[in-house]
Amino acid sequence: MFKISEIIHEIDMRSGNRLKSECLGGAEHAVVTRFGPLEAAEADQVAFLAQKKYRDAAKQSRAGVLVISPEDREAMYGVSDPGRAVVVTANPYAWFAWAVQAMLHEPHESRGAMPGSFVDASAKVDPTATIEPGATVKAGAVIGSRTVIKAGA
């Protein structure tokens, strides 16, 4: 489950604050599980409007959170409260792309070469990498930062 305010925070960090978001209708408190298409999204999903020809579908969408541009907000709701959770951003498609990355992001806890793994002495393994039990890193291998070598690999 993902709180929209946390997704927005992650987007701000990842985009260098280049993609600002305005929350309406309590969107900052909304919790979603995933993205959904405008026509089929449910209350636990976020949907985005990237083309104005789909404004009617967006207004009728059951998505818990709707992501739209300032132009779409003006055309769809004017200055009125939209009566639903809405995120307004200059580029909803880019917002979606950043949000997917934020939602898929798993915090990385570096654990190094774990007991039960094998790492050849000549391999170069970044200290932020994790080598899980049952994994093998052969001679001459180079393992980069934040890499996870899963068991059996």
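Note: the structure precedes this text.
Residues numbered from 1 in each chain as written. Predicted model: local features only at pLDDT ≥ 70, side-chain atom pairs only at ≥ 80, totals over all residues. Heavy atoms only, no water.

### Describing the nonpolar core
Then step 1. By size, the foremost hydrophobic cluster in this structure holds 18 residues, and its most contacted members are Ile 4, Ile 7, Val 32, Val 46, Val 65, Val 87 and Trp 95.
Then step 2. Breaking this core down by element, the ones donating at least two residues are α1 (4-15), β5 (45-48), β6 (65-68) and α4 (92-104).
Then step 3. At four residues, α1 tops the list of elements feeding residues into this core.
Then step 4. Among all residues touching Val 87, those that are not within four sequence positions of it are Ile 4, Ile 8, Ser 21, Glu 22, Cys 23, Ala 27, Val 65, Leu 66, Val 67, Ile 68 and Trp 95.
Then step 5. Counting residues in each nonpolar core, the second largest holds 13 residues, with Leu 24, Ala 41, Ala 47 and Ile 68 among its members. (Core = buried A, V, L, I, M, F, W, Y, C linked by side-chain atoms within 4.5 Å. Buried < 20%, exposed > 50% of the residue type's maximum accessible area, 1.4 Å probe, protein only. Helix = DSSP H or I, 4+ residues; strand = E, 2+ residues; numbered from the N terminus. Contact = heavy atoms within 4.5 Å.)

### Considering the pairing of β6
Then step 1. The side-chain alternation of β6 yields two buried faces, one formed by Val 65 and Val 67 and the other by Leu 66 and Ile 68.
Then step 2. In the sheet, β5 pairs with β6 via three bridges, with the strands oriented parallel. Following the sheet pairing, Val 46 is matched in β6 by Val 65.
Then step 3. The parallel pair β5 and β6 is bridged by helix α2 (residues 55-60), and the resulting crossover is right-handed.
Then step 4. Pairing of β6 with strand β7 (residues 86-89), which is carried by three bridges, proceeds in the parallel orientation. Across the sheet, residue Ile 68 finds its bridge partner in β7, namely Val 88.
Then step 5. Of the crossover connections in this fold, the one passing from β6 over helix α3 (residues 70-77) to the parallel β7 is right-handed. (Pairing = 2+ DSSP bridges. Right-handed = clockwise from strand over helix to strand, strands pointing away.)

### Brief notes about the packing of α1 against α4
Then step 1. Two elements in contact, α1 and α4, have axes separated by 9 Å at closest approach and are oriented at 105 degrees. One finds that α1 runs roughly perpendicular with respect to α4. Contact residues: Ile 4, Ile 7, Ile 8, Glu 10, Ile 11, Arg 14 and Ser 15 in α1; Trp 95, Trp 98, Ala 99, Gln 101, Ala 102 and Met 103 in α4.
Then step 2. Of the residues contributing to the contact of α1 with α4, the split by class is nine nonpolar, two polar and two charged. (Axes fitted to C-alpha atoms, helices over the stretch in contact; angles between N-to-C directions. Parallel < 35°, antiparallel > 145°, perpendicular 65-115°, else oblique. Nonpolar A, V, L, I, M, F, W, Y, C, P; charged D, E, K, R; others polar.)

### Details of the packing of aromatic side chains
Then step 1. Using the criterion set out here, one finds four aromatic pairs in the structure.
Then step 2. A centroid spacing of 4.6 Å and a plane angle of 20 degrees characterise the contact between Phe 48 and Phe 96, whose relative ring orientation is stacked. Here Phe 48 is found in strand β5, whereas its partner Phe 96 is found in helix α4, with 48 residues between them in sequence.
Then step 3. Site record: aromatic cluster; members linked through ring pairs are Phe 35, Phe 48, Tyr 93 and Phe 96. (Phe/Tyr/Trp six-rings, centres within 6.5 Å; stacked < 30°, edge-to-face > 60°.)

### Overview of α4
Then step 1. With 13 residues, α4 extends 18 Å from end C-alpha to end C-alpha; this agrees with the ideal 18 Å at 1.5 Å per step.
Then step 2. Within the span of α4, buried status applies to Pro 92, Trp 95, Ala 99, Ala 102 and Met 103. All buried residues of α4 lie within an arc of 90 degrees about the axis, which places them on one face of the element. Summarising the geometry of α4, the exposed residues directed more than 90 degrees from the buried face are Tyr 93 and Leu 104. (Expected span 1.5 Å × (residues − 1). Arc of directions from axis to C-beta.)

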